[in-house]
Amino acid sequence: MIIKEKDSKQAEIDELTSLLSLPLPDNKKFLIERELRFLKSGDRGENDSAYFINFYYAASKNWAIIHDLRLEHNDRVAQIDHLLINRFFNIFVLESKNFCYGVKITDNGEFLVQFNNSFFAIESPIEQNKRHIVVIESVIKDFDIMPKRLGLTIMPAFKSYVLVAPKSRLIRPRKSNFDTSMVIKADMLTTSIEKAIEAMKPLSLLASASKISSSETLKEIAEDIASFHKPMKIDYRNRFSIRATPSPKQISSQAPETYEAKRFYCSKCKITITEKVARFCWDNKHRFGGKAYCFDCQKAFTGRH
């Protein structure tokens, strides 16, 4: 059962795209383009993983699914891509990574992403997930979320997986050098979970059986956890030090002396134009669509209306 769907990233994508239309220095445009590329890539990775998770577990009352959970607790933050919780309260913390070309994990656990026949180091998603578990474990404990049995609180068991795109090339070190068994292809998740359960020792299975709860209890606990979700709105203008640009309507409503020092730019080629040229375009909205253009770019509109 799905408790929480993934939050849409479309608003952030639209905002970054709109910022690229502003007359900005090349270095700022580069940073915005990189942020937009990372955002879209991460969004695709989460969507791909969510597909496989939902395919196998969404219809089951024995599993609860929480997508895109952001927690803030004790001055720590965890942005968890996916949570899978079963009736034994085994909690699988899943981190999605969309490595388009491939990823290489070195003998000491360093992650290198392939791009244009070169490898670039990134933050270890294994260590990232470890921090996520610390935060969610603290939230569950401090807010007494788990049910009790015979006066004792049932303690969840956490398992970490890093999900990569099925078509990504994954280069691993030898297991004796660094264990990467928690890094799996997204389409292998259910197989990996089944193997993990089968590998449990008899005593562990007995302990898990004593923790089994009803589907209703599972749903209540998952909803309690999801209620701590705190979405974050990123101020991209502030991040990239972009001052707000007044709209034509705002400028036209100001007294002349308040906008004489403002600079105006052609909406197409971005060169500086005078206020008089800009106002001519705004006064002829039917012709220029409410945007300002230089004389050369205005010629492209000749004969359109």
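The structure we're discussing is the one just above.
Residues numbered from 1 in each chain as written. Predicted model: local features only at pLDDT ≥ 70, side-chain atom pairs only at ≥ 80, totals over all residues. Heavy atoms only, no water.

Here we look at the overall build of the protein chain
Along the protein chain, the regular secondary structure elements total 12 helices and 14 strands. Here the protein chain holds 305 residues, and 42% of them are scored as buried. Here the analysis covers contacts within the protein chain between residues at least 6 apart in sequence; of these, 60% occur between residues at least 24 apart. Summing over all exposed atoms, the protein chain offers an accessible surface of approximately 17,900 Å²; the carbon and sulfur share of this is 53%. (Helix = DSSP H or I, 4+ residues; strand = E, 2+ residues; numbered from the N terminus. Buried < 20%, exposed > 50% of the residue type's maximum accessible area, 1.4 Å probe, protein only. Contact = heavy atoms within 4.5 Å. Areas by Shrake-Rupley, 256 points an atom, 1.4 Å probe, with all protein chains shown as cover.)

Topic: the packing of helix α1 (residues 10-19) against helix α2 (residues 26-57)
Between α1 and α2, the least distance of the axes is 10 Å, while the angle of their chain directions is 160°. The angle between α1 and α2 places the two elements in the roughly antiparallel class. Regarding α1 and α2, the two cross each other, and that crossing is left-handed. Of the residues in α2, those touching α1 at Glu 12, Ile 13, Leu 16, Thr 17 and Leu 19 are Ile 32, Glu 35, Leu 36, Leu 39 and Lys 40. By residue class, the composition of the contact of α1 with α2 is six nonpolar, one polar and three charged. (Axes fitted to C-alpha atoms, helices over the stretch in contact; angles between N-to-C directions. Parallel < 35°, antiparallel > 145°, perpendicular 65-115°, else oblique. Left-handed = near helix turned anticlockwise from the far one by under 90°. Nonpolar A, V, L, I, M, F, W, Y, C, P; charged D, E, K, R; others polar.)

Here's the deal with the environment of Lys 9
Topologically, Lys 9 is positioned in the loop between β1 (2-4) and α1. Accessibility expressed as a relative area gives 17% for Lys 9, which makes it buried. The spacing of Lys 9 and Lys 40 is 31 residues in sequence and 8.3 Å in space, taken between C-alpha atoms. Those residues in contact with Lys 9 that sit more than four places away from it in its chain are Leu 39, Asp 43, Glu 46 and Asp 68.

Let's talk about the layout of surface pockets
Of the voids in this model, the largest pocket is the one considered here, and its volume is about 1,700 Å³. If you trace the largest pocket, you find 41 residues lining it, with Phe 38, Leu 39, Ser 41, Gly 42 and Lys 97 closest to the centre. For the lining of the largest pocket, the secondary-structure elements that each account for two or more residues are α2, β2 (63-73), β3 (76-86), β4 (90-97), β6 (111-115), β7 (118-122), α3 (125-142) and α7 (236-239). Of the residues forming the lining of the largest pocket, the biggest block, 10 residues, is contributed by α2. Residue classes in the lining of the largest pocket are distributed as 15 nonpolar, 10 polar and 16 charged. (1 Å grid on protein atoms, 1.4 Å probe; cavity = no way out; pocket = protein on both sides within 12 Å on 5 of 7 lines; lining within 4 Å. Points joined across faces, edges and corners; volume = space filled by probe spheres on them.)

Here's the deal with the pairing of β6
Of all five residues making up β6, four are buried, and the element is well covered by its neighbours. As judged from the three bridges shared by strand β5 (residues 102-105) and β6, these two strands associate in the antiparallel manner. Its bridge partner being in β6, Lys 104 is matched across the sheet by Leu 112. Taking the residues that link successive antiparallel strands as the turn, the β5-β6 hairpin has five residues, and the phi of Gly 109 there is positive, at about 90°. Counting the residues between successive antiparallel strands, the hairpin from β6 to β7 contains two residues, one of them, Asn 116, with a positive phi of roughly 50°. (Pairing = 2+ DSSP bridges.)

Things to note about the packing of aromatic side chains
In this structure the tally under the stated criterion is 11 aromatic pairs. For the pair Phe 92 and Tyr 161, a centre-to-centre distance of 6.2 Å together with 5° between the ring planes defines the contact as stacked. Here Phe 92, found in strand β4, pairs with Tyr 161, found in strand β10 (residues 157-164); they are 69 residues apart in sequence, far enough to count as distant. Taking the centre distance of 6.1 Å and the plane angle of 40° together, the rings of Phe 288 and Tyr 293 count as tilted. With a relative accessible area of 2%, Phe 288 lands in the buried category. Its end group placed over the ring of Phe 38, Arg 37 keeps NZ or CZ at 5.9 Å from the ring centre. When the ring centre of Phe 119 is taken as reference, the NZ or CZ atom of Lys 104 above it lies at 6.0 Å. (Phe/Tyr/Trp six-rings, centres within 6.5 Å; stacked < 30°, edge-to-face > 60°. Lys NZ or Arg CZ within 6 Å of the ring centre and 35° of its normal.)

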